[in-house]
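Chain by chain, the residues:
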Amino acid sequence: MEKIIESTELTKTFGDFTAVNKITFDVKKGEIFGFLGANGAGKSTAMRMLTGLLSPTSGAATVAGYDVFTEQEKIKKNIGYMSQKFSLYNDLTLMENITFYGGIYGLSNTQIKERGEKLIERLDLGNIKKKLLKEVPLGWKQKIAFSVATLHNPKVVFLDEPTGGVDPITRRQFWEMIYEKADQGMTVFVTTHYMDEAEYCHRISMMVHGEIHGYGTPKELKKEFNAQNMDEVFIHLARGDQYNLK
Ligand SMILES: Nc1ncnc2c1ncn2[C@@H]1O[C@H](COP(=O)(O)OP(=O)(O)OP(=O)(O)O)[C@@H](O)[C@H]1O
């Protein structure tokens, strides 16, 4: 199957400190790939390199066929990105946000109108489309942010802890949206701290101190670490062997 992301020994150092140390992995078309790790493990740094926001120190990687060292602008045009911090404008209405981002993504006015209306219908937001975003509850904002990040049908969408602070029902709805996009062939690269969400991913990598220490399907990882669930896999990897699960 076609690989959308390929990383070989990708590394980022800040002075003497190695934040990301030789990470090697790939992500296939239409795959939901979970990028996990404890706070400070290096996830955001890796994601920033893959989205063309930060220059790597060494190694090699391509995203949607473009080189992270030399084709960062092309990468940015072919991806969607939803950052940890809510990325829409609170002082614009829903439709104004859609128009603004649609313009940034290079969509025509007709495309913006059509896709915007479809998005509003899909999320059943007709009654709030004229409200300022700041009046909309967080869970809804996250779903809107995801829809806006995929408005231009990117090959891959990067989601940095998209469901942080959101209630369980909304998280579930959010994941239904992720599945829908993946079924359409979009690749989803997602970081999360929720281990139940890790179970929803097709494959996972687990970062520990800048390195990938676990890589595979949830089933494979549970088998490898003799764990009942992803929580146990995470504890085993992130906190060392003191739990003696293996
Ligand atoms: N610009 C920078 N200069 C120096 N050190 C940095 C810089 N950016 C990140 N780091 C360090 O690199 C390490 C990895 O940080 P990073 O933000 O990638 O981790 P993370 O896994 O995304 O954590 P979190 O889940 O908290 O977002 C941390 O120790 C951080 O302090």
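Residues numbered from 1 in each chain as written. Predicted model: local features only at pLDDT ≥ 70, side-chain atom pairs only at ≥ 80, totals over all residues. Heavy atoms only, no water.

The name given to the protein chain in an unreviewed UniProt entry is ABC transporter domain-containing protein, with Flammeovirga pacifica as the source organism.

On to the pairing of strand β7 (residues 156-160). For β7, the buried fraction is high: five of the five residues fall into the buried class. Burial along β7 is two-sided: Val-156, Phe-158 and Asp-160 facing one way and Val-157 and Leu-159 facing the other are all buried. Relative to strand β8 (residues 187-191), β7 runs parallel, the two being bridged by five bridges. In the sheet register, Leu-159 faces β8, and the bridge partner there is Val-190. With helix α6 (residues 168-183) bridging β7 and its parallel neighbour β8, the resulting β-α-β unit is right-handed. (Buried < 20%, exposed > 50% of the residue type's maximum accessible area, 1.4 Å probe, protein only. Helix = DSSP H or I, 4+ residues; strand = E, 2+ residues; numbered from the N terminus. Pairing = 2+ DSSP bridges. Right-handed = clockwise from strand over helix to strand, strands pointing away.)

Inspection of the secondary structure puts Ser-147 in helix α5 (residues 138-149). Beyond its immediate sequence surroundings of up to four residues, Ser-147 is in contact with Leu-119, Leu-123 and Met-177. (Contact = heavy atoms within 4.5 Å.)

For the ligand, the set of nearby residues contains 14 residues, the closest of which are Gly-40, Gly-42, Lys-43, Ser-44 and Thr-45. Between the ligand and Gly-40, the relevant distance is 2.7 Å, taken from an oxygen atom to a main-chain nitrogen or oxygen of the residue. A distance of 2.9 Å separates an oxygen atom of the ligand from a polar atom in the backbone of Lys-43. Here the ligand loses 61% of its free accessible area of 640 Å² to cover by the protein chains. (Near = heavy atom within 4 Å. Polar contact = N/O pair within 3.5 Å; in protein donor to acceptor, adjacent residues only side chain to side chain. Areas by Shrake-Rupley, 256 points an atom, 1.4 Å probe, with all protein chains shown as cover.)

All right, on to a nonpolar patch on the surface then. A contiguous nonpolar patch, built from Tyr-89, Phe-100 and Ile-104 and spanning about 300 Å² of accessible area, is present on the exposed surface. The topology assignment puts Ile-104 in helix α3 (residues 94-104). (Patch = residues over 30% accessible without salt bridge, like charges linked within 9 Å, V, L, I, M, F, W, Y side chains within 5 Å. Salt bridge = Lys/Arg side-chain N within 4 Å of Asp/Glu carboxyl O.)

By size, the foremost hydrophobic cluster in this structure holds 45 residues, and its most contacted members are Leu-159 and Met-206. Once you skip the residues sitting within four places of it in the chain, Met-206 turns out to touch Leu-36, Met-195, Glu-211, Ile-212, His-213, Gly-214, Met-230, Val-233, Phe-234 and Leu-237. In terms of nonpolar packing, the next biggest core, distinct from the first, is built from 24 residues, Phe-33, Met-49, Leu-54 and Phe-189 among them. (Core = buried A, V, L, I, M, F, W, Y, C linked by side-chain atoms within 4.5 Å.)

A separate point is α3. Of all the residues in α3, the buried ones are Leu-94, Asn-97, Ile-98, Tyr-101 and Gly-102. The buried residues of α3 occupy an angular sector of 125° when the element is viewed end-on, so they sit on one face. Where α3 is buried, its residues touch α4 (109-122) and α5. Looking one or two places after α3, you find Gly-106, whose phi comes out positive at around 80°. (Arc of directions from axis to C-beta.)

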